[in-house]
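# Working through the structure, step by step
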Amino acid sequence: MPDLLNTTLSGLRAYQGALSTVSHNIANVGNEDYTRQRVEIDARNPIRLGNSFFGQGSELSAITRVVDGFVSSNIRGFTSNLGRLEAFDFYASRVEGVIADEQAGLMPALDGFFNAMNDVANDPSANAPRVALIGAIENVQQRISTMATELENIEIEINNRISNEVSAINVISEQIAEINGVLTTITDAGNQPSDLLDRRDALLKQLSEKITVTVVEQANGNMNVLVGTGQLLVTNASALTLVAQQIGRAHV
């Protein structure tokens, strides 16, 4: 006959693990990168005595994450689009503020120039309209020079931001590769540490805030990460390094 004490202890051990998982879920309720974990309890293999099979209790077979891969992929895609549109809106507004400002933009200066031209055309022999026209031309030149300086400053700011973002991308990709390396040492791809997988998903979300990413999950549980039009960034435990290259401007 099965050992009654061992059968009872197996259930206690299994549900002790379940209680530990519940407490772990509660402890991380404020962690936005945490995914709720769930225990899977299975019956232990029975033993045969004569013509009958007797159960030997239960065991905790796995601890899994309650996660939807499709939803996670969509979140990364939406995050990438949001980050791209926010950056575009921010700098487009900056450029618009330089060019289309009602007070400091180019249009007020051009309006003054054309008005001065009309005054000269209406009274070519008068000296005052010609002096006003010269002043209007100088004003246009100053506005264009000021706008060029402000646009150059925006360009420098964008280049610096790109350089900083590329450095951050390289740091994140190295961390993802490091986690892939740890997961490689775990032979059971279907029973990997949930907290480590949460950490990798959080890094992938951070990466998607900076660049469009495509994630390809491997049979061993690793994730290859591609960016842009399919450029490989992370493969297994290796991360490639991105470099920001400044394109020279043509000078007239």
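Below or above, wherever it landed, is the structure these notes cover. (Residues numbered from 1 in each chain as written. Predicted model: local features only at pLDDT ≥ 70, side-chain atom pairs only at ≥ 80, totals over all residues. Heavy atoms only, no water.)

## Comments concerning the side chain of Asp198
Threshold: Secondary structure elements are taken from DSSP: a helix is a run of H or I of four residues or more, a strand is a run of E of two residues or more, and numbering for both begins at the N terminus. Note on classification: 1.4 Å probe, protein chains only; a residue is buried when its accessible area is under 20% of the maximum for its type, exposed when over 50%, partly exposed between these limits.
By the secondary structure assignment, Asp198 is in helix 5 (residues 194-208). Judged by its relative accessible area of 5%, Asp198 falls in the buried class.

## Considering helix 2 (residues 69-99)
Where we set the bar: A helix's residues, less one, multiplied by 1.5 Å, set its expected span. We call two residues in contact whenever any of their non-hydrogen atoms come within 4.5 Å of each other. Think of a polar contact as two N or O atoms within 3.5 Å of one another; within protein, one of them needs to be a possible hydrogen donor and the other a possible acceptor, and neighboring residues in sequence only count if both atoms come from side chains.
Along its 31 residues, helix 2 runs 45 Å from first to last C-alpha, staying within 8% of the 45 Å computed at 1.5 Å per residue. Along helix 2, the residues classified as buried are Ser72, Arg76, Thr79, Ser80, Tyr91 and Val98. For helix 2, the secondary structure elements touched by its buried residues are helix 4 (127-184), helix 5 and strand 5 (213-217). A side-chain oxygen of the first residue of helix 2 lies 2.9 Å from the backbone nitrogen of Phe70; this N-cap is Asp68.

## Here's the deal with a nonpolar patch on the surface
The following threshold applies: Patches in this entry comprise residues that are over 30% relatively accessible and not in a salt bridge; like charges within 9 Å are linked, as are nonpolar side chains (Val, Leu, Ile, Met, Phe, Trp, Tyr) within 5 Å. With residues, only the protein chains shown are counted as cover, and all accessible areas are computed by Shrake-Rupley using a 1.4 Å probe. Salt bridge, as applied in this entry: a Lys or Arg side-chain nitrogen positioned within 4 Å of an Asp or Glu carboxyl oxygen.
A grouping of Leu5, Leu9 and Leu12 is seen on the molecular surface, where their side chains present a nonpolar patch of about 290 Å² in accessible area. For Leu9, the location among the structural elements is in helix 1 (residues 4-27).

## Brief notes about the environment of Asn6
Inspection of the secondary structure puts Asn6 in helix 1. Overall, Asn6 belongs to the partly exposed group, its relative accessible area being 39%. Through-space distance from the C-alpha of Asn6 to that of Arg36 is 31 Å; in sequence the pair is 30 residues apart. Those residues in contact with Asn6 that sit more than four places away from it in its chain are Arg13 and Arg44.

## Topic: the packing of helix 2 against helix 5
What counts is decided by this rule: All axes are obtained by fitting lines to C-alpha atoms, using only the stretch in contact for helices, and the reported angles, taken between N-to-C directions, cover 0 to 180 degrees. Put simply, angles under 35 degrees are roughly parallel, angles over 145 are roughly antiparallel, angles from 65 to 115 are roughly perpendicular, and the rest are oblique. Three classes are used, and their members are as follows: Ala, Val, Leu, Ile, Met, Phe, Trp, Tyr, Cys and Pro are nonpolar, Asp, Glu, Lys and Arg are charged, and the others, Gly among them, are polar.
Where helix 2 contacts helix 5, the axes come no closer than 8 Å and their chain directions differ by 30°. The angle between the axes of helix 2 and helix 5 places the two elements in the roughly parallel class. Facing Arg76, Thr79 and Ser80 of helix 2, the residues of helix 5 in contact are Leu204, Lys205 and Ser208. Along the lines of polarity and charge, the residues of the contact of helix 2 with helix 5 split into 1 nonpolar, 3 polar and 2 charged.

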